Amino acid sequence: DGAYVLGEDISLANVASLNIEGSVTLCLAGHDLDMGANYIGFSGSNSTLRICDCAKEDKGEIRSTSSSGVVLIYGKHTLELYETLLSGTSYAVNNQSGQVKVYGATLSAVNSADRGYAYTLLASGGTVTLEGATLIGEAETVYTLNVMNGCVVSMKDSTVIAKAKNAYAVLLSDGVEA
């Protein structure tokens, strides 16, 4: 639990993945958080992570090369993103039954590997709210917004971009409401 503000760029490349329990607010304050090959996950039950950036210019970024994504949600947890940037190579957000709320933030998944794939936002179950969001996917095969397993999606004033040989800007399947 708690609220945290980054005072400088931080690298957690040599540390284990972060686990959020309870209610946590992280303000990037114009700084970057480099997760290396680690990711942000959740533990406990009904945990919430709010990521924002209070800097007027030069917004901060959270980056990860983890094959699980920048943020991995298993269970009934909530991720709220406000005016920030998440950048992953395989996934930006990998949501398995949680709630994802993106307000004015940018999610990016760029994978330059040969025959690479990228899922900018994978939503399997749970709910996704996108307002003023930008989702960008770039790889040989891209699923910029991949929604399945009964996930409920709400989009308003949002942009979805897929740059790929095999591009799927929005893919809805398996009992999805949009």
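Above this text sits the structure in question.
Every value quoted in this text rests on a predicted model; they were computed, and no experiment measured them. (Residues numbered from 1 in each chain as written. Predicted model: local features only at pLDDT ≥ 70, side-chain atom pairs only at ≥ 80, totals over all residues. Heavy atoms only, no water.)

Quick notes on the overall build of the protein
The test is simple: What counts as a helix is a DSSP run of H or I of at least four residues, what counts as a strand is a run of E of at least two, and both are numbered from the N terminus. Within these notes, the globule rule equals 2.2 Å times the number of residues to the 0.38 power, and the radius of gyration is based on C-alpha atoms. Whether two residues are in contact is decided by their heavy atoms, any of which lying within 4.5 Å being enough. Each accessible area is a Shrake-Rupley estimate made with a 1.4 Å probe; only the visible protein chains count as cover when residues are assessed.
Of regular secondary structure, the protein possesses 0 helices and 19 strands. Whereas a compact globule of 178 residues would reach a radius of gyration of roughly 16 Å, the protein reaches 15 Å, a difference of no more than 12%. Projecting the C-alpha coordinates of the protein onto the three principal axes gives extents of approximately 40 × 35 × 30 Å. Pairs at least 24 residues apart make up 61% of the contacts formed inside the protein by residues separated by at least 6 positions. Carbon and sulfur atoms provide 46% of the accessible area of the protein, an area that totals close to 8100 Å².

Regarding the sheet that holds strand β7 (residues 48–52)
Applied cut-off: Strand pairing requires that DSSP identify at least two bridges connecting the strands. Every axis corresponds to a line fitted to the C-alpha atoms, with the helix fit spanning only the stretch in contact, and the corresponding angles, defined between N-to-C directions, vary from 0 to 180 degrees.
Read across the sheet, 7 strands follow the order β1-β4-β7-β10-β13-β16-β18 without closing on themselves; strand pairing throughout is parallel. A strand with exactly one partner marks an edge of an open sheet, and here the two such strands are β1 (2–5) and β18 (152–156). Looking at each pair of strands side by side, their axes are set apart by 5 degrees on average, direction ignored. Here β7 pairs with strand β10 (residues 78–82) via 4 bridges, running parallel. Among the inter-strand pairings, L49 is bridged to a residue of β10, identified as L79.

Details of the side chain of D32
The topology assignment puts D32 in the loop between β4 (23–27) and β5 (33–34). Once you skip the residues sitting within four places of it in the chain, D32 turns out to touch L6, E8, D9, I10, G60, E61 and R63.

What to know about the packing of aromatic side chains
Applied cut-off: Ring geometry is summarised as follows: Phe, Tyr and Trp rings, the Trp one being its six-membered ring, pair when their centres sit within 6.5 Å, and such pairs are stacked at plane angles under 30 degrees, edge-to-face over 60 and tilted between the two. The rule is simple: take the accessible area with a 1.4 Å probe, protein chains only, and divide by the maximum for that residue type; under 20% is buried, over 50% is exposed, in between is partly exposed.
Using the criterion set out here, one finds 5 aromatic pairs in the structure. Taking 5.0 Å as the distance between ring centres and 15 degrees as the angle between the ring planes, the aromatic pair formed by Y91 and Y119 counts as stacked. Remark: Y119 occurs in strand β15 (residues 117–124) and Y91 occurs in strand β12 (residues 91–96); sequence separation between them is 28 residues. Y119 sits in the buried class, given a relative accessible area of 17%. Here the aromatic rings of Y117 and Y119 are separated by 5.5 Å at their centres, their planes lie at 70 degrees, and the arrangement is edge-to-face. According to the relative accessible area criterion, Y117 is partly exposed, its value standing at 33%. Here a set of aromatic residues connected by ring pairs shows up, and it is made of Y91, Y117, Y119, Y143 and Y168.

Overview of the environment of L33
Along the chain, L33 falls in strand β5. Of the residues examined, L33 reaches a relative accessible area of 4% and is grouped as buried. Spatially, the C-alpha atoms of L33 and S11 are 5.9 Å apart, while their sequence positions differ by 22 residues. Among residues more than four places away in sequence, those in contact with L33 are L6, I10, L12, L26, E61, I62 and R63.

Considerations on the environment of H31
As a reminder of what qualifies: Here a polar contact is taken to be a pair of N or O atoms separated by no more than 3.5 Å, where protein atoms must pair a possible hydrogen donor with a possible acceptor and residues adjacent in sequence count only if both atoms sit in side chains.
On the secondary structure map, H31 appears in the loop between β4 and β5. Through-space distance from the C-alpha of H31 to that of L6 is 6.4 Å; in sequence the pair is 25 residues apart. At a separation of 3.5 Å, a polar atom in the side chain of H31 contacts the side chain of D9.

A few points about the side chain of S66
When you line up the elements, S66 lands in the loop between β8 (61–64) and β9 (71–74). A polar contact is formed between the side chain of S66 and the backbone nitrogen of S68, at a distance of 3.0 Å. Leave out the neighbours within four places in its chain, and S66 touches G36, A37, N38, Y39 and S90.

Concerning unusual backbone geometry
One non-glycine residue with positive phi stands out, namely E83, at about 50 degrees. With respect to the helices, strands and loops of the structure, E83 is situated in the loop between β10 and β11 (85–88). Owing to a relative accessible area of 43%, E83 belongs among the partly exposed residues under this scheme. Phi at D157 takes a positive value of approximately 50 degrees, unusual for a residue other than glycine. Inspection of the secondary structure puts D157 in the loop between β18 and β19 (159–172).

Such coordinate-based values are descriptive only and should not be taken to indicate function.
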